[in-house]
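Below, each chain spelled out in residue letters.
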Amino acid sequence: MFAKVEVSLPEKHKALVVPGSAISYAPFGDSVFVIETKKDEKTGKESQSIRQQFVKVGEARGDFVSINDGLKGNETIVSTGVFKLRNGMPVTINNDLAPKPQLNPTPVDS
């Protein structure tokens, strides 16, 4: 027996992905909070604050969601607790208790 087989593989493309917990889903648009460093003109001290950035979300896999538009690759975003945040709030980066996003999550109690 002889068979001629042709396999079509999906095209690979680079995607910007973020943890699903970083996205604030809302009827008026999905958004993330970007951390910005600002310098106080009077004292010259640098501080970090957040800015809400609207994004277009794409495909989701595991704990990750791809971002199609609205975010650059070099921006730092808030990954958890986004429902508590408002534009312009001061923040401090502390990743000690941050959960690790996984492509194939397996919760302990499942």
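Computed from a prediction, not measured in an experiment: that's the story for all the values here. (Residues numbered from 1 in each chain as written. Predicted model: local features only at pLDDT ≥ 70, side-chain atom pairs only at ≥ 80, totals over all residues. Heavy atoms only, no water.)

*Asks:* Give a description of the overall build of the protein that names residues and reports values.
*Replies:* Across its full length, the protein holds zero helices and six strands. Element order for the protein, N to C, with α for helix and β for strand: β-β-β-β-β-β. Here the C-alpha radius of gyration of the protein, 19 Å, is well above what a compact globule of 110 residues would show, namely 13 Å. In terms of overall dimensions, the protein has a C-alpha envelope of 80 × 35 × 30 Å along the principal axes. Split into buried and exposed, the 110 residues of the protein put 21% on the buried side. Of the contacts made within the protein by residues no fewer than 6 positions apart, 59% connect residues no fewer than 24 positions apart. A total accessible area of about 9200 Å² is found for the protein, and carbon and sulfur atoms account for 53% of it. Charge centroids of the protein, computed over 14 positive and 13 negative side chains, lie 3 Å from each other. (Helix = DSSP H or I, 4+ residues; strand = E, 2+ residues; numbered from the N terminus. Rg over C-alpha atoms; globule rule 2.2 N^0.38 Å. Buried < 20%, exposed > 50% of the residue type's maximum accessible area, 1.4 Å probe, protein only. Contact = heavy atoms within 4.5 Å. Areas by Shrake-Rupley, 256 points an atom, 1.4 Å probe, with all protein chains shown as cover. Lys, Arg positive; Asp, Glu negative; His and termini not counted. Charge placed at Lys NZ, Arg CZ, Asp CG, Glu CD.)

*Asks:* How would you explain the environment of Asp-69 if you had to name every residue and give the values?
*Replies:* Looking at where Asp-69 falls in the secondary structure, it is placed in strand S5 (residues 64-69). Taking the relative accessible area as the measure of exposure, Asp-69 reaches 45% and is therefore partly exposed. As for Asp-69 and Val-18, which are separated by 51 residues in sequence, their C-alpha atoms are 12 Å apart. Those residues within four positions of Asp-69 in sequence are excluded, and the remaining contacts are Phe-54, Val-55 and Lys-56.

*Asks:* Give me the sheet that holds S5: which residues, what numbers.
*Replies:* Reading across the sheet, the three strands line up as S1-S5-S4 and stay open at both edges, with antiparallel pairing between neighbours. Pairing within the sheet leaves two strands with one partner each, and these edge strands are strand S1 (16-19) and strand S4 (56-61). Geometrically, the sheet is characterised by an average inter-axis angle of 35° between neighbouring strands, direction not taken into account. Here S4 runs beside S5; their pairing, made up of four bridges, is antiparallel. Within the sheet, the bridge partner assigned to Lys-56 lies in S5 and is Asp-69. (Pairing = 2+ DSSP bridges. Axes fitted to C-alpha atoms, helices over the stretch in contact; angles between N-to-C directions.)

*Asks:* Quick rundown of the pattern of salt bridges? Include the residues and the values.
*Replies:* Counted under the stated rule, the structure contains three salt bridges. Measuring nitrogen to oxygen at the nearest pair gives 2.5 Å for the salt bridge that ties Glu-36 to Arg-51. Of the two residues, Glu-36 is situated in strand S2 (residues 31-39) and Arg-51 in strand S3 (residues 46-54); the sequence distance between them amounts to 15 residues. A relative accessible area of 23% means that Glu-36 is categorised as partly exposed. (Salt bridge = Lys/Arg side-chain N within 4 Å of Asp/Glu carboxyl O.)

*Asks:* A description of the environment of Ile-77 should follow, citing residues and the corresponding values.
*Replies:* Within the element layout of this structure, Ile-77 appears in strand S6 (residues 76-77). Measuring from C-alpha to C-alpha, the distance between Ile-77 and Lys-45 comes to 21 Å, with 32 residues separating the pair along the chain. Those residues in contact with Ile-77 that lie beyond four places of it in its chain are Val-18, Ala-22, Val-32, Phe-33, Val-34, Ile-35 and Leu-71.

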